[in-house]
Amino acid sequence: MYTVQVEAVCSLKTLDKGGIDDLHYCTMTVDLRSIENFLCSLAKNKVGPIIKTKSGTQSEYDLKTGSRQVDIVTEIDKQVEKIIWDTLKQEYPAFKFVGEESYVKGVTVITDDPTFIVDPIDGTTNFVHDFPFSCTSLGLTINKVPVVGVIYNPHTDLLISASKGNGVRVNGEEYDYKKKQVQMGPLIINKSIVALQPGSAREGTNFTTKMRTYENLLSADGGFVHGFRNLGSSAMSLAYIALGYLDSYWDGGCYSWDVCAGWCILNETGGRVVGANKDEWDVPVDNRTYFAVRGSCDDSGKDQAKYISDFWSNVEGTLKYD
Amino acid sequence: MSLSQSELKQIEGAIVKLLREEVGPKIKAESGKYLTVYDDKANQVDLVTKSDKNIELIIKARLKELYPTFHFVGEEEYIPGETKIPAEPTFIVDPIDGTTNFIHGFPYSCCSIGLAVGGKSVVGCVFNPHLDQLYHASKGNGAFVNDEPIAVAKRPLTLQKSVVGLEGGADRADSPGSNFDIKMETYKNLLSDKGGFVHGFRSLGSAAMNICYTALGIFDAYWEGGCWAWDVCAGWCILEECGGTMIGGNKGQWDIGIDHRVYFAIRGGCTADEQKKFAEEFWAQTTGDLKY
């Protein structure tokens with residue numbers, strides 16, 4: 001069993017300015033593997049069946065306002081988030097919660113405390129169109145680092161889970177990622193398949209940067225990647241990289257809940273998440289731009305670092321999000 | 001030679017059996033295992049593997065045994081400029097569609113076997129063994145996935161609310177007016193808030209799977225240039241049996257042959273007028289004609 005000691009605020013008292021005496025710092029023993037199991041059960045038994053039965057049935061949906069008219073939220077997203085939140089609150093009352101539907105811009109922040117970071121339904125457009133790549137993505141950060149990740153796609157019945165130091169499981173079975181990485185060979189830009197998603201912002205400099213970068217990556221004069229794939233779900237893209245189906249995933253505009261679970265899973269397979277822009281080697285979970293790369297047989301990390309640098313040289317412009 | 005509806009259904013059944021029992025297990029077992037050794041074809045991106053060739057031979061032998069008078073056109077033995085698709089019954093076969101997926105182990109490689117008579121697709125079977133999805137149809141007999149009839153949801157079809165299958169393809173020579181350039185510019189127009197402003201695009205790297213997903217109504221459409229008769233023949237029949245339509249990828253190409261190279265599949269579940277209007281709105285976003 002792998003456990004971590006964390007410094008966390010156990011008291012639920014309001015933190016006043018200067019009210020340091022109200023705080024009880026204590027040491028919590030957190031068994032990550034048991035949290036992983038709990039999240040797996042929640043994803044598979046409670047959330048999955050709802051996603052599966054409701055997929056493709058929501059012809060009525062809200063469109064987010066302004067420039068993001070293709071960003072879809074359904075009533076089901078909100079309901080599922082409430083189910084998850086209620087369940088987690090009961091089991092882990094001291095942990096914080098950040099979810100896509102309850103997020104308030106500028107107010108919701110990720111602290112060092114144990115924090116569940118949750119996307120109830122990742123790939124909402126897929127969900128509405130019944131494209132079988134909508135999933136639930138449940139992550140936990142401690143000290144802002146993703147330490148548990150569970151992703152469940154009920155359409156293909158794929159449950160992939162990990163916790164820090166405990167490796168990766170697929171539908172409960174230990175996943176031999178090393179064997180897969182041997183088959184995949186070295187990590188090289190023009191032998192790789194990259195996940196790319198234009199997202200819902202379709203104007204302005206970020207859109208231009210993405211389109212130019214895609215063209216550079218594909219072009220025979222540029223990265224000349226084997227191909228790109230677009231699954232319309234950040235969590236599924238990260239899961240597929242961890243499984244060795246894809247080599248990397250480059251995106252901007254997503255949020256912590258899109259990547260938190262996948263980030264932990266990917267780390268456990270030797271993969272790495274950096275920023276989408278050049279030289280962003282070390283980024284926080286809410287960075288908004290991400291570049292995820294699979295693990296390779298080269299344990300020194302040189303392979304990976306070269307791949308990342310080579311990829312960045314195809315990025316034309318800078319992705320930036322408020 | 002024309003074939004009755006029940007003869008077509010029998011042929012469909014024979015292909016389904018061949019796919020499920022012989023071809024599927026091979027594809028599944030060999031996917032993702034040979035990334036480090038593959039032959040180069042037209043360029044670095046288009047990968048052909050030994051498995052591809054072996055599987056084509058197996059399919060050809062079995063179909064010859066069952067239907068000795070039928071012709072056979074397969075991806076691996078096709079000779080550009082020489083191989084023609086005759087009017088007589090002809091099996092048109094892609095042993096492994098989505099070769100790049102196959103090489104990388106991305107679970108969207110499949111086998112695509114179609115039968116054309118008079119240059120029209122009348123039987124189509126596509127099997128993705130990774131996801132255990134076998135799509136099959138024959139003309140007048142409806143379409144099925146794993147023997148379950150496919151029922152396409154009735155939904156209005158509009159460009160702005162659509163999800164479209166789009167691929168980068170293997171042809172990447174980048175110069176103004178090139179096919180690659182037209183594709184990239186068209187994708188930009190489709191996505192842009194000043195253009196089509198579609199809900200999204202998806203890329204799975206397999207033409208046959210993209211057409212099947214369009215047939216099911218999971219995609220609203222799939223637009224492609226550069227693929228071949230064997231990439232589309234099987235899917236075409238499945239699509240039509242689901243109420244979808246296949247036209248050309250370039251403006252005004254309402255009626256195309258099976259080896260047209262530039263295709264545009266549109267889902268059913270809506271009226272023919274909606275399909276027509278969708279096609280015209282989509283074509284308006286293209287920046288030129290794709291030529292192969």
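It should be emphasised that the depicted structure is a prediction, and the values quoted were computed from it without experimental measurement.

Cut-offs and rules
- All residue numbers here refer to positions counted from 1 along the written sequence of the relevant chain.
- Note on labels: chains are lettered from A, ligands numbered from 1, in written order.
- For a predicted model such as this one, the threshold for reporting local features is a pLDDT of at least 70, and the threshold for listing and counting side-chain atom pairs is 80 or more; totals across whole chains, interfaces and linings nevertheless cover every residue.
- Put simply, DSSP H or I for four residues or longer makes a helix, DSSP E for two residues or longer makes a strand, and each gets a number counted from the N terminus.
- Using C-alpha atoms as the atom set, the radius of gyration is obtained and then compared with a globule rule of 2.2 Å times the number of residues to the power 0.38.
- Each residue is classified by how many other C-beta atoms fall within 10 Å of its C-beta atom, where C-beta atoms are placed from the backbone; a count of 20 or more means buried, 12 or fewer means exposed, and values in between mean partly exposed.
- The contact criterion used is a C-beta to C-beta distance within 7 Å, with each C-beta placed from the backbone.
- UniProt positions are given in the numbering used here, feature names are shortened, and annotations may be inferred rather than shown by experiment.
- All residues other than Ala, Val, Leu, Ile, Met, Phe, Trp, Tyr, Cys, Pro, Asp, Glu, Lys and Arg, Gly among them, are scored as polar; the first ten of these are nonpolar and the last four charged.
- Domain limits in this description derive from either an automatic procedure or a database domain assignment.
- Only strands joined by at least two bridges in the DSSP assignment are considered to pair.
- Fitted lines through C-alpha atoms serve as axes, helices being fitted only where they are in contact, and the angles separating the N-to-C directions of these axes extend from 0 to 180 degrees.
- As used throughout, a nonpolar core is a set of buried Ala, Val, Leu, Ile, Met, Phe, Trp, Tyr and Cys residues joined through C-beta atoms within 7 Å of each other.

What follows is about the overall build of chain B. A count of helices and strands for chain B gives 7 helices and 14 strands. In summary, chain B has a C-alpha radius of gyration of 18 Å against a globular reference of 19 Å for 292 residues, a match within 12%. Reported as C-alpha extents along the three principal axes, the dimensions of chain B are approximately 55 × 45 × 35 Å. A total of 292 residues make up chain B; the buried ones form 55% of that total. Long-range contacts, defined here as pairs at least 24 residues apart, represent 70% of the contacts in chain B between residues at least 6 apart.

All names here are of chain A. According to UniProt, the "binding site: Mg(2+)" (unreviewed entry) feature falls on E100, D119, I121, D122 and D258. For this annotated set, covering 159 residues, all C-alpha atoms fall within 9.5 Å of each other, a compact arrangement in space. Its location among the elements puts I121 in strand β6 (residues 115–122). By C-beta crowding, I121 is classed as buried, having 29 other C-beta atoms within 10 Å. The contacts of I121, once residues within four sequence positions are left out, are I51, I76, D77, V80, F127, S134 and T136. Mapped onto the secondary structure, D122 falls in strand β6.

With respect to the helices, strands and loops of the structure, Y152 of chain A is situated in strand β8 (residues 145–153). Setting aside anything within four residues of it in sequence, one finds Y152 of chain A in contact with A43, K44, V47, G48, C135, T136 and L159 of chain A.

Each partner contributes to the interface: chain B provides 33 residues, whereas chain A provides 34 residues. Residue composition of the side of chain B that touches chain A, by class: 14 nonpolar, 12 polar and 7 charged.

Below, the discussion takes up the domain arrangement of chain A. Residue and element names in this part refer to chain A. Partitioning chain A into domains gives domain 1 (32–176) and domain 2 (178–312). For domain 1 and domain 2, the distance between their C-alpha centres works out to 21 Å. Across the boundary between the two partners, domain 1 contributes 38 residues, which contact 30 residues of domain 2. Secondary-structure elements contributing two or more residues to the side of domain 1 that touches domain 2 are β5 (96–99), β6, α3 (124–129), β7 (135–142), β8 and β9 (158–163). The greatest single-element share of the side of domain 1 that touches domain 2, amounting to 7 residues, is contributed by β8. Here the residues of the side of domain 1 that touches domain 2 are counted per class, giving 17 nonpolar, 13 polar and 8 charged.

Further remarks concern the domain arrangement of chain B. A common way to report how large an interface is uses the accessible area buried once the components associate. All names here are of chain B. The assigned domain composition of chain B is domain 1 (5–149) and domain 2 (163–283). Spacing between the C-alpha centres of domain 1 and domain 2 amounts to 21 Å. Contact residues are listed per partner, giving 37 residues for domain 1 and 25 residues for domain 2. For the side of domain 1 that touches domain 2, the secondary structure elements donating two or more residues are β3 (71–74), β4 (90–97), α3 (99–104), β5 (110–117), β6 (120–128) and β7 (133–138). Ranked by the residues each element gives to the side of domain 1 that touches domain 2, the list is headed by β6, at 7 residues.

With that settled, the discussion passes to helix α5 (residues 207–216) of chain B. Residues and elements named next belong to chain B. Within α5, 10 of the 10 residues are buried, which leaves the element mostly enclosed by the surrounding structure. Looking at α5, one finds that the buried residues are A207, A208, M209, N210, I211, C212, Y213, T214, A215 and L216. Following α5 by one or two positions, G217 adopts a phi angle in the positive range, close to 90°.

The next subject is the sheet that holds strand β15 (residues 272–274) of chain A. Residues and elements named next belong to chain A. Across the sheet, 5 strands lie side by side as β13-β12-β14-β16-β15; this open sheet has mixed pairing. A strand with exactly one partner marks an edge of an open sheet, and here the two such strands are β13 (227–229) and β15. Mean inter-strand twist for the sheet, computed between neighbouring axes without regard to direction, equals 20°. Across 5 bridges, strand β14 (residues 248–252) lies against strand β16 (residues 289–293) in antiparallel orientation. Opposite D251, over in β16, you have Y290 as the bridge partner. Sheet strands in contact with helix α6 (residues 234–242) are β12 (193–196), β14 and β16, and its direction is about 155° off that of β14. Those strands touched by helix α8 (residues 302–312) are β14, β15 and β16, and its axis lies near 135° from that of β16.

If you look at the biggest cluster of nonpolar residues, it comprises 171 residues, and the most contacted ones within it are L238, A239 and I265 of chain A together with V164, I211, C212 and I238 of chain B. With 9 residues, the top contributor of residues to this core is helix α6 (residues 229–241) of chain B. V164 of chain B has contacts with L190, V198, F201, F219, D220, A221, Y222 and W223 of chain B, leaving out every residue within four places of it along the chain.

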